[in-house]
Amino acid sequence: MPTDNKRVRGPEVSQNPSLFRCKPAEAVPLHGPRADGRQRDQVDVRPVFVRCGLVSQAKGSAYIEAGNTKLMCCVYGPKETERKDETDMKCGRLTTDMRFAPFSCLERGSWIQGSQDKDFSLMLQESLQPALCLHKYPRSQVEVNVVVLENSGSVLAHAITCASLALADAGIEMYDLVLGCSIRQDGDSYVVDPSYMEENNSSSVSSENQGGLTVAFLPSLNQISGLQSDGAMTEETLTAGVRTCTEGCYKLYPVIQQALAKAVRKGAPPPSES
Amino acid sequence: MATVQVSEAEKVYILHGIRDDLRVDGRGCEDYRHMEIETDMVSNTDGSAKVTLGHTAVLVGVKAEIGKPRPMLPNEGYLEFFVDCSANATPEFEGRGGEELGTELSNTLYKVFNNKHSLDLKSLCISRGEHCWVLYVDVLLLQCDGNLYDAISIAIKAALFNTKIPKVHISADEEGRKEIELSDDPYDCMRINVENVPCVVTLCKVGHRHVVDATLQEKACSVASLIISVTHKGTVTCTRKVGGGSLDPESIFEMTEAGKRVGKALHAPLMALLQQEEAQGKRRQKVGFLS
C-alpha cells in the first residue's frame, strides 16, 4: 500500500459522520419530480458554464460548471516523449490523468490515485484519442490533466467535454470536439445528466432496469468515441439510452462552440488600424 | 494488451476474409475458438477454474475469508477482484508492465458485478454489521492470445460455481462476545448460486463487420472493440468501448445486439458442462496443466 509521507493524515480509523445518522437519508422518489426542477424522461441537461484559458501557464485550459459539478482541465504539449518505441515515431501519444480533489465528494477521498481514478483516466483517454490528429505530432506527447473540484454527478461526461475544450484551446489539431453526456436509468424512467444524489441513490425496489450510461460523442462526425455502462439493463434500454445521450450532446454543442469562439476572439490580436 | 506486428498485406487479407464471413482459421464471425474448462484444480483455494480458449489460458482462484462488511451495506458480503498478468504470458508483462492491463481488467470486473442481481450478496452475510464473507477472486493470466475478457469471465463463473464456503455459526461465549465456529465436517458447505453471473463478450470492429473472440492478429486490424457483459436472461450488466478508435452509433447498436445473442447462447452449455463435471465426482480424471 503506498503511503503518503508529505501530508499530515488524520487518525487511522476516521469515519464520515453521515454513517451515524439515526434515520436513513431520504430516498429520491422513483417517479417524482427531480430535485432541481428538471424533467424526467426528457433530454434535460443542466445549463453549463464554460470558460477557456484560465490557467496562464498551461498551453490550453478549460473550466466547466454544470449545476454543482465543477471541473477544470489543463493541457500541456505537444512536448517530447520520454519513451521511444516504434509507434511513437509515426504518431503522437496522449496521456490523461483524472483526479478527484479530496474535498470533492461527500466522503473525503485521498490524494493517491485510487483504482476508480485510473479507470476514469483510461476512459477519458479512449474517448479523446479518436478526435485528435495525433499523426500530425510524431514523437510528441500531449498531456491532459483533469481535476474534479466538486463532484455533483456525471463527472466523466463533463470531464470529457472539458478536456476536449482545453485541447482545442491549446491549439491541438482535432477532427471534432468530443462531448460527453450521461444518463441514469431507474426502472422505466431515466434522468439525463444525473446529480450525485440521483446517481448514487438506488431505489429499494430492485427493478430490472437500473444502471448508468456515459457516452462520448463527436457531433459533426456522428461517431461515438466512448461508451461505458454499468448496472443491469436490457439491450433495448441500453440502445435507447445511447440515443438519448447523443441527443444530449447535440444540445450541448452550440454552447461549447460559442465558448470556444469567444476565447479565440479574446486571444486574437486586435484588428490593426488601417 | 499484448500486441503483434501485422503487415499491411496481412491486414488486407484479414479484412477481406472477415468481409466474406471467413476468418483466417476458418471460423465464422460469431464463432468461438476451442474452449476447455476445468474446475477444482488448486486444492488450497475454496474454488478454482482454468479456462483455455485457443491459446489464451486463464486460471482463477477464489478464496473466502471472514471480514467486516462495508459500512454502507452492513448485511451483505462482497467480492474483491485482482488480475495478475504474469510474465509467463508475454515478456511485455515483466515487472510492472502488466500492471496497467491488470488494473483495467479488474476495474471492468468490478463494474460487471456492480449490480444487485449477479450474485446474492446477502447470503454472504454472517452477522449484520460485524462479519461477512469476502470472496477474493484472483485471476492469473498464463497465456495471452487475445480475448482476455471472455476467458476471464467464463473462468470466474466456473470458479464461483466450484466455490465451497464452509458453514459457520455464531455462538455467544461466557462474556457475551460472539464467537465464530466453523463446522468440523469438510463437506458441510454452502454453494453460490451462479445462475445470474454474467459472461463477457468482446466484439472487435474489423472493417465494416464485427468479430467475436478475436485473435491478436485480428485485434491488430481493428480500431475499436466493444465489451458487453450479458446474463443468461439477456440483461446487459456492463458495456464498455475499448481501443483508440471511434464507432458509428449504428455499429454500436448492431454490436450490442450480436453480443447479447452470443452471450445468451453461452450460458446454457456452460452450466450444463459445469454440472456434468460436478456430477462425475470422484471418478473424474483430472487433466491439470499437462495438456
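You'll find chain B entered in an unreviewed UniProt entry as Exosome component 7, with Parambassis ranga given as the organism. A UniProt comment under Sequence similarities (unreviewed entry) is attached to chain B, and it reads "Belongs to the RNase PH family."

Going by an unreviewed UniProt entry, chain A carries the name Exosome complex component MTR3 and comes from Parambassis ranga. Of the comments in the UniProt record for chain A, the one headed Function (unreviewed entry) reads "Non-catalytic component of the RNA exosome complex which has 3'->5' exoribonuclease activity and participates in a multitude of cellular RNA processing and degradation events." Under Subunit (unreviewed entry), UniProt gives the following word-for-word description of chain A: "Component of the RNA exosome complex."

### Description of the sheet that holds strand β6 (residues 179-186) of chain A
A sheet is described by the order of its strands in space; here eight strands give the open sequence β7(A)-β6(A)-β8(A)-β9(A)-β14(B)-β13(B)-β11(B)-β12(B), paired in antiparallel fashion. Strand pairing shows two members of the sheet lacking a second neighbour, β7 (189-192) of chain A together with β12 (209-212) of chain B, which therefore form its edges. Between one strand axis and the next, the sheet turns by 20° as a mean value, whatever way the strands run. Pairing analysis gives two bridges linking strand β9 (residues 223-232) of chain A to strand β14 (residues 236-242) of chain B, with the strands arranged antiparallel. Paired with Gln228 of chain A across the two strands is Arg240 of chain B, which belongs to β14 of chain B. The sheet strands contacting helix α2 (residues 115-128) of chain A are β8 (210-218) and β9 of chain A together with β14 of chain B, and the helix crosses β14 of chain B at an angle near 55°.

### Focus: the pattern of salt bridges
Counted under the stated rule, the structure contains 20 salt bridges over all chains. Ionic pairing is found between Asp97 of chain A and Arg99 of chain A, a salt bridge with its closest N-O pair at 3.0 Å. Accessibility expressed as a relative area gives 29% for Arg99 of chain A, which makes it partly exposed. Of the charged contacts in the structure, one is a salt bridge between Glu76 of chain B and Lys122 of chain B, with a shortest N-O distance of 3.5 Å.

### What to know about a positive patch on the surface
All names here are of chain A. On the surface, Arg51, Lys262, Arg265 and Lys266 cluster together into a patch of positive charge. With three residues, helix α5 (residues 235-267) is the largest single contributor of residues to the positive patch. Residue placement: Arg51 occurs in strand β1 (residues 48-52). According to the relative accessible area criterion, Arg51 is partly exposed, its value standing at 34%.

### Considering the layout of surface pockets
Residues and elements named next belong to chain B. Reported here for the second largest pocket is a volume of approximately 600 Å³. Forming the boundary of the second largest pocket are 21 residues, of which Asp40, Asn162, Lys164, Tyr187 and Glu278 lie nearest the centre. When grouped by side-chain class, the residues that make up the lining of the second largest pocket number four nonpolar, seven polar and 10 charged.

### Focus on the state of the cysteines
Tallied over the entire structure, the rule returns zero disulfides over all chains. Free of any disulfide, Cys91 of chain A has its nearest cysteine sulfur in Cys133 of chain A, 11 Å distant. Here Cys221 of chain B stays free of any disulfide, with the sulfur of Cys204 of chain B as its closest cysteine sulfur at 9.9 Å.

### Comments concerning the packing of α5 of chain A against helix α5 (residues 249-280) of chain B
Two numbers describe how α5 of chain A lies on α5 of chain B: the axes approach to 10 Å, and their chain directions differ by 165°. Comparing the axis directions of α5 of chain A and α5 of chain B gives the class roughly antiparallel. α5 of chain A and α5 of chain B meet at a crossing whose hand is right-handed. Across the interface between the two elements, Glu235, Glu236, Leu238, Thr239, Val242 and Arg243 of chain A from α5 of chain A touch Phe253, Thr256, Glu257 and Lys260 of chain B from α5 of chain B.

### Regarding helix α1 (residues 8-19) of chain B
All names here are of chain B. Here α1 is 12 residues long and its end C-alpha atoms lie 16 Å apart, about the 16 Å a rise of 1.5 Å per residue gives. Listed in full, the buried residues belonging to α1 are Ile14, Gly17 and Ile18. All buried residues of α1 project into a common sector of 95° when viewed along the axis, lining one side. α1 presents Glu8, Ala9 and Arg19 as exposed residues on the side facing more than 90 degrees away from its buried surface. Among the residues trailing α1, Asp21 stands out with phi positive, at a value near 60°.

Cut-offs and rules
Residues numbered from 1 in each chain as written. Chains lettered and ligands numbered in written order. Predicted model: local features only at pLDDT ≥ 70, side-chain atom pairs only at ≥ 80, totals over all residues. Heavy atoms only, no water. UniProt positions renumbered as here; feature names shortened; annotations may be inferred. Pairing = 2+ DSSP bridges. Helix = DSSP H or I, 4+ residues; strand = E, 2+ residues; numbered from the N terminus. Axes fitted to C-alpha atoms, helices over the stretch in contact; angles between N-to-C directions. Contact = heavy atoms within 4.5 Å. Salt bridge = Lys/Arg side-chain N within 4 Å of Asp/Glu carboxyl O. Buried < 20%, exposed > 50% of the residue type's maximum accessible area, 1.4 Å probe, protein only. Patch = residues over 30% accessible without salt bridge, like charges linked within 9 Å, V, L, I, M, F, W, Y side chains within 5 Å. Areas by Shrake-Rupley, 256 points an atom, 1.4 Å probe, with all protein chains shown as cover. Lys, Arg positive; Asp, Glu negative; His and termini not counted. Charge placed at Lys NZ, Arg CZ, Asp CG, Glu CD. 1 Å grid on protein atoms, 1.4 Å probe; cavity = no way out; pocket = protein on both sides within 12 Å on 5 of 7 lines; lining within 4 Å. Points joined across faces, edges and corners; volume = space filled by probe spheres on them. Nonpolar A, V, L, I, M, F, W, Y, C, P; charged D, E, K, R; others polar. Disulfide = S-S within 2.5 Å. Parallel < 35°, antiparallel > 145°, perpendicular 65-115°, else oblique. Left-handed = near helix turned anticlockwise from the far one by under 90°. Expected span 1.5 Å × (residues − 1). Arc of directions from axis to C-beta.

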